[in-house]
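Analysis of the macromolecular model
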Amino acid sequence: MISRRQMLAGTVVGAASLMLPEGLALAQPRAMAKEVLFDPDIPVLGNPDGDVTIVEFFDYQCSYCKWGFPDLMNVVERDGKVRLVMKDWPIFGEASVQAAGLVLAAGETGQYAKAMRALMANRQQLQWYGAEKILARAGLDPALLKESLHKDGRRIQDVLARNYAQARAFHFRGTPSFIVGSAIHPGMMQERDLVKAIAAARAA
């Protein structure tokens, strides 16, 4: 099982504390940039063969992440050529870690997108077993997800550890935080911001 000790570090901070300048160029080594954009252990939403990748570091208990999710999906679906990689960064406690693990486990049965949408649509604060109830209402089997999480726990734990290390490397201070192409955009992005960032990525 993924533990708080393994996955949570430092203090819990919110999106309002972000300080990096918007549009800062990705200045990490090429190998790390590839790992961030193309982690094979994270399912891809949108167009897997798209010409621009959007990465969002998020938490299922982040209000800003959930408020912005419909705009993000609308842009991705309307554009048709965007890869979307959602990187779990569970900074809001144990319930966030549990939710992230269950959704990543759902990817093993092809239900990642369904599970993610169900949790992102939830407007209530999660408790430790809240994610299971929400996923059950969406038609998923929590018992099977927990079994998959137990069997695949090491891989999922490694995914969350990589996400955390990457977020720290980019000096992100909260969720949501985005990378669009090779540009860093800390903080919430509205629909017009996403469209503009995608166009800039294609022009780069």
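The structure we're discussing is the one just above.
So, how was this worked out
- Residues numbered from 1 in each chain as written.
- Predicted model: local features only at pLDDT ≥ 70, side-chain atom pairs only at ≥ 80, totals over all residues.
- Heavy atoms only, no water.
- Buried < 20%, exposed > 50% of the residue type's maximum accessible area, 1.4 Å probe, protein only.
- Helix = DSSP H or I, 4+ residues; strand = E, 2+ residues; numbered from the N terminus.
- Contact = heavy atoms within 4.5 Å.
- Pairing = 2+ DSSP bridges.
- Right-handed = clockwise from strand over helix to strand, strands pointing away.
- Phe/Tyr/Trp six-rings, centres within 6.5 Å; stacked < 30°, edge-to-face > 60°.
- Salt bridge = Lys/Arg side-chain N within 4 Å of Asp/Glu carboxyl O.

**Some details on helix H5 (residues 112–121)**
Residues three or four positions apart in an α-helix share a direction because the helix packs 3.6 residues into each turn. Within H5, the full set of buried residues consists of Tyr112, Ala115, Met116, Ala118, Leu119 and Met120. Among the structural elements, strand S2 (44–46), strand S3 (52–58), helix H3 (63–79), strand S4 (82–88), helix H4 (94–106) and helix H6 (130–137) are those in contact with the buried residues of H5.

**Some thoughts on the pairing of S3**
Of all seven residues that make up S3, seven are buried, and the element is covered over most of its length. Burial along S3 is two-sided: Val52, Ile54, Glu56 and Phe58 and Thr53, Val55 and Phe57, pointing in opposite directions, are all buried. In the sheet, S3 pairs with S4 via seven bridges, with the strands oriented parallel. Pairing of Val52 across the sheet is with Val82, part of S4. As for the winding sense of the linkage, the β-α-β connection from S3 through H3 to S4 is right-handed.

**Remarks on the packing of aromatic side chains**
If you walk through the whole model with that rule in mind, you get five aromatic pairs. Among the aromatic residues, ring-to-ring pairing joins Phe57, Trp89, Phe170 and Phe172 into one connected group.

**Focus: the pattern of salt bridges**
In this structure the tally under the stated criterion is eleven salt bridges. For the salt bridge of Asp41 with Arg155, the shortest nitrogen-to-oxygen distance reads 3.7 Å. Here Arg155 lies in helix H8 (residues 153–169) and Asp41 lies in the loop between helix H2 (30–37) and S2, a separation of 114 residues in the sequence. Between Lys146 and Glu132 there is a salt bridge, with the nearest N and O atoms lying 3.7 Å from each other. One end of the pair, Lys146, is in helix H7 (residues 142–151); the other, Glu132, is in helix H6, and 14 residues separate them in sequence. Its relative accessible area of 35% is what places Lys146 among the partly exposed residues.

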